[in-house]
Amino acid sequence: MPGTKAVAYGGPGKVEIDCSVDAVGFEARGHGAEAGVERPATVLNTLMDLTRAGGAIGIPGLYVTRDPGAADPNAEEGSLSIRFGLGWARSHAFFTGQCPVMRYNRQLMMAILYVRVQIAKAVNATPIPLDAAPQGYRDFNKGVARKFVLVPHGLLASRTT
Ligand SMILES: NC(=O)c1ccc[n+]([C@@H]2O[C@H](COP(=O)([O-])OP(=O)(O)OC[C@H]3O[C@@H](n4cnc5c(N)ncnc54)[C@H](O)[C@@H]3O)[C@@H](O)[C@H]2O)c1
């Protein structure tokens, strides 16, 4: 977060937020020297550190019961090193599970149809022609912060790269 600096729990000048959302899940990677390394608990631990006492943490990000490809044997069993005591001590409320997509479906659809939200911009979606699909998949695999929408028949010809 530009302009903010998180310090240890309870430290002076600590930045705190009312609510937070883990939209990453167990596939989280480390930062800095640990960039690219599997760190499945890092987002939850960071959010418990940054969310104020009595605050809420929403967790739509996926956590699994088994992750056979995981680097660490505990993570293979879906066990993560979560500092749950931190969340307990701060009386955080946790909300998680499958998102109730159908509940928001109609309002979102109408918001999109009436251009109240620009969904492609919000999720960084980029329409690409079929020929560009291999490069799109390669970029996606590298973790670019974009979503690609394949437009096989050129229906969005003026919008594709
Ligand atoms: N609960 C539900 O119903 C529901 C619905 C849709 C998606 N999901 C889950 O939500 C999660 C996100 O889905 P998505 O399609 O946006 O995935 P995505 O791969 O497009 O986005 C995940 C983002 O997290 C970033 N990231 C990785 N490590 C990070 C870290 N340590 N700190 C901050 N960011 C980090 C990645 O760079 C990537 O941009 C997935 O776990 C997915 O399964 C859940």
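Because the structure is a prediction, the values reported are computed rather than measured.

Asks: I tried to follow the sheet that holds strand 3 (residues 93-96) on my own but got confused; where do I start?
Replies: In spatial order, the strands read 1-2-3; together these three strands make up an open sheet with parallel pairing. One side of each edge strand has no neighbouring strand; the edge strands of this open sheet are strand 1 (17-21) and strand 3. Strand-to-strand twist in this sheet, taken as the mean axis angle between neighbours without regard to direction, amounts to 10 degrees. In this structure, strand 1 lies alongside strand 2 (residues 51-59), joined through four bridges in parallel fashion. Among the inter-strand pairings, Ser20 is bridged to a residue of strand 2, identified as Ile57.

Asks: Please clarify how the site of the ligand should be interpreted in this entry.
Replies: Taken together, 14 residues lie near the ligand, and Arg29, Pro60, Leu62, Cys99 and Lys147 sit nearest. In this structure, Arg29 approaches the ligand through a main-chain N or O atom, which is 2.7 Å from a nitrogen atom. Within the contact set of the ligand, an oxygen atom lies 2.9 Å away from a side-chain nitrogen or oxygen of Lys147. A total of 860 Å² of accessible area belongs to the ligand in isolation, and the protein chains cover 55% of it. A breakdown of the residues in the shell around the ligand according to their chemical character gives seven nonpolar, five polar and two charged.

Asks: Quick question: what am I supposed to make of the pairing of strand 4 (residues 125-129) here?
Replies: Side-chain positions along a regular strand alternate between the two faces of the sheet. Here five bridges tie strand 4 to strand 5 (residues 147-151), and the two strands are oriented parallel to one another. Bridge pairing in strand 5 links Pro129 to Val151. A crossover links strand 4 with its parallel partner strand 5, the connecting element being helix 6 (residues 133-141), and its sense is right-handed.

Asks: Before we go on, may I ask you to explain the nonpolar core in this structure?
Replies: When a protein is soluble and globular, its nonpolar side chains tend to lie buried together. Core analysis: the biggest nonpolar cluster contains eight residues, these being Ala28, Val43, Leu44, Leu47, Met48, Ile57, Ile59 and Leu86. The dominant element in this core, judged by the number of residues it contributes, is helix 1 (residues 42-50), at four residues. Residue contacts for Val43: discarding those within four places in its chain leaves Asp22, Val24 and Ala28.

Criteria and cut-off values
- Residues numbered from 1 in each chain as written.
- Predicted model: local features only at pLDDT ≥ 70, side-chain atom pairs only at ≥ 80, totals over all residues.
- Heavy atoms only, no water.
- Pairing = 2+ DSSP bridges.
- Helix = DSSP H or I, 4+ residues; strand = E, 2+ residues; numbered from the N terminus.
- Axes fitted to C-alpha atoms, helices over the stretch in contact; angles between N-to-C directions.
- Near = heavy atom within 4 Å.
- Polar contact = N/O pair within 3.5 Å; in protein donor to acceptor, adjacent residues only side chain to side chain.
- Areas by Shrake-Rupley, 256 points an atom, 1.4 Å probe, with all protein chains shown as cover.
- Nonpolar A, V, L, I, M, F, W, Y, C, P; charged D, E, K, R; others polar.
- Right-handed = clockwise from strand over helix to strand, strands pointing away.
- Core = buried A, V, L, I, M, F, W, Y, C linked by side-chain atoms within 4.5 Å.
- Buried < 20%, exposed > 50% of the residue type's maximum accessible area, 1.4 Å probe, protein only.
- Contact = heavy atoms within 4.5 Å.

Remember, this is a structural readout, not a statement about activity or role.
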